[in-house]
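Structural description and commentary
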Amino acid sequence: MKGGKAMHQLSLHLEVVKLKGFERKNNSAIREFELLGLTRSPEIQRILFWSFVFSYVMALVGNFLLIFIICTSKKLYTSMYFLLANLSLVNVLSVTTTTPKLLHTLFSYRNTITFYGCITQVYFFILFLVTEILLLTSMAFDRFVAICYPLQYTLIMRKELCAAIAVGAWVSGLTNSAVHSGLVLQLSFCGSNIINHFFWDLPPLLKLSCSDTSLNETMAFVADVIFAVFSCGLILTSYGFIIRAIFRIRSTEGKKKAFSTCSSHLIVVIFYFSAVIYTYIRPTSVYSLNRDKYISLLYSVVTPVLNPVIYSLRNKEVKEALKDFIGRGRMFPRN
């Protein structure tokens, strides 16, 4: 009896060891992932490196300059420019989440990233993605109020409401990102460690996992409907009322002036939402990662560069504030 009991205990011990070994394999065997990046050609990598260095610097300079002008010009102390300053801050943080790692990969030819580095990147990327969507939606509502209810604009878009909108956008982004990142931590990665992308994103992540990702996909779909589809619907509704109000204006000059106040925002929305919806509003089974990683460049790198340019060149008030800023700089004598 004692020998049988000993054998039984030994068998249980071996099962526990096997189970712990299996868990270690699933949860901690893969500590580092390899990013395929955009290209394997050293010549093209060098060209891309300097191109993205230029883009990154332009994004930082353009958005920080826009934030500075909005904060220092009393003419721009309105709800629209308060939301625009928040959007520029999101652009700075968003492009900083992806571009430095991309530059490091292109410069050093080291395409590896740690597991926790991946989780950190996906957390911040989703955070800024959702926050930017909500801010663009809020700016569409602001333009709707400005054009359709101009006499009530200052009453409706008061400071308290603008602050609540901005805080709500950031909190929603933080909450959504925490949910997705928490679900990612529950996944097992026990097979391939090669990511067909230039940064850590949900679609290639779910394809890489050897766990059941149905809950992740369901939550991602719910987030897509709430933040992308619903927001896009609100923007389209707002612009439907805006276009109707513009057509009711009798003078051609009045129509041009009304449209000019929202044209820059409309351009940004069309460019940004088309890329985001194309990338995320599809089942993971039909993703083409080779193509999608180039599409993702539009909203992760290109958009933060274009936003300050579009808002500066197509906005009369911003251009006037920029001229005033340059003019103040010329007042100081040179040594």
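Residues numbered from 1 in each chain as written. Predicted model: local features only at pLDDT ≥ 70, side-chain atom pairs only at ≥ 80, totals over all residues. Heavy atoms only, no water.

**Section: the overall build of the chain**
- Looking only at helices and strands, the chain features eleven helices and three strands.
- Each helix and strand of the chain, ordered N terminal to C terminal, gives the series α-β-α-α-β-α-α-α-β-α-α-α-α-α.
- Among the 335 residues that make up the chain, the fraction classed as buried is 46%.
- Within the chain, contacts between residues separated by at least 24 positions form 80% of all contacts whose residues are at least 6 apart in sequence.
- On the chain, roughly 18,100 Å² of surface is accessible, and the fraction owed to carbon and sulfur atoms is 68%. (Helix = DSSP H or I, 4+ residues; strand = E, 2+ residues; numbered from the N terminus. Buried < 20%, exposed > 50% of the residue type's maximum accessible area, 1.4 Å probe, protein only. Contact = heavy atoms within 4.5 Å. Areas by Shrake-Rupley, 256 points an atom, 1.4 Å probe, with all protein chains shown as cover.)

**So, the sheet that holds strand S2 (residues 112-114)**
- An order of S2-S1-S3 is seen for the three strands of this open sheet, with the pairing classed as mixed. Each of the sheet's edge strands pairs with one partner strand only, and the pair in question is S2 and strand S3 (194-195).
- Where strand S1 (residues 32-35) meets S3, two bridges bridge the pair, whose relative direction is parallel. Note on S3: the bridge partner recorded for Leu35 is Ile195. (Pairing = 2+ DSSP bridges.)

**Structural notes on the environment of Ser177**
- With respect to the element layout, Ser177 can be found in helix H6 (residues 159-185).
- A residue is classified by how much of its surface remains accessible, and Ser177, at 0% relative accessible area, is buried.
- Sequence separation between Ser177 and Phe124 is 53 residues, and the spatial gap between their C-alpha atoms is 7.3 Å.
- For Ser177, the residues in contact, after removing those within four places along its chain, are Val122, Tyr123, Phe124, Ile126 and Leu127.

**What about a nonpolar patch on the surface?**
- On the surface, a nonpolar cluster with roughly 410 Å² of combined accessible area is contributed by Phe221, Val222, Val225, Ile226 and Val229.
- Along the chain, the position of Val225 falls in helix H8 (residues 214-248). (Patch = residues over 30% accessible without salt bridge, like charges linked within 9 Å, V, L, I, M, F, W, Y side chains within 5 Å. Salt bridge = Lys/Arg side-chain N within 4 Å of Asp/Glu carboxyl O.)

**A few points about the UniProt feature "transmembrane region" (unreviewed entry) in the chain**
- Under the UniProt annotation, the feature "transmembrane region" (unreviewed entry) is placed at residues 47-69, 76-93, 113-141, 161-179, 225-247, 259-281 and 293-313.
- Here residues 47-69 runs as 100% helix and 0% strand, with 33 Å between its end C-alpha atoms.
- Taken end to end, residues 113-141 has its terminal C-alpha atoms 40 Å apart, with 93% of it in helix and 7% in strand. (UniProt positions renumbered as here; feature names shortened; annotations may be inferred.)

**Description of the nonpolar core**
- Counting 84 residues, the largest nonpolar core has Phe33 and Tyr311 as its most contacted members.
- For this core, the leading source of residues is helix H4 (residues 115-148), giving 20 residues.
- Once you skip the residues sitting within four places of it in the chain, Phe33 turns out to touch Asn111, Thr112, Ile113, Phe115, Cys118, Phe189, Asn193, Ile195, Trp200 and Leu208. (Core = buried A, V, L, I, M, F, W, Y, C linked by side-chain atoms within 4.5 Å.)

**Notes on the packing of helix H3 (residues 79-108) against H4**
- Packing of H3 against H4 brings their axes to within 9 Å, and their N-to-C directions diverge by 155 degrees. Compared by their axis directions, H3 and H4 come out roughly antiparallel. H4 is crossed by H3, and the crossing has left-handed handedness.
- Residues that form the contact of H3 with H4 fall into these classes: twelve nonpolar, nine polar and four charged. (Axes fitted to C-alpha atoms, helices over the stretch in contact; angles between N-to-C directions. Parallel < 35°, antiparallel > 145°, perpendicular 65-115°, else oblique. Left-handed = near helix turned anticlockwise from the far one by under 90°. Nonpolar A, V, L, I, M, F, W, Y, C, P; charged D, E, K, R; others polar.)

**Some details on the pairing of S1**
- By the alternation rule, side chains of S1 split into Phe33 and Leu35, which are all buried, and Glu32 and Glu34, of which none is buried.
- One ladder, built from three bridges, connects S1 with S2; its direction is antiparallel. Bridge assignment links Glu34 to a residue of S2, and that residue is Thr112.

**A closer look at a positive patch on the surface**
- A surface patch of like charges, here positive, comprises Lys257, Lys316, Lys319 and Lys323.
- A total of three residues in the positive patch trace back to one element, the largest contributor, which is helix H11 (residues 316-330).
- Along the chain, Lys319 turns up in helix H11.
- Look at Lys319 and you get partly exposed, because its relative accessible area is 37%. (Lys, Arg positive; Asp, Glu negative; His and termini not counted. Charge placed at Lys NZ, Arg CZ, Asp CG, Glu CD.)

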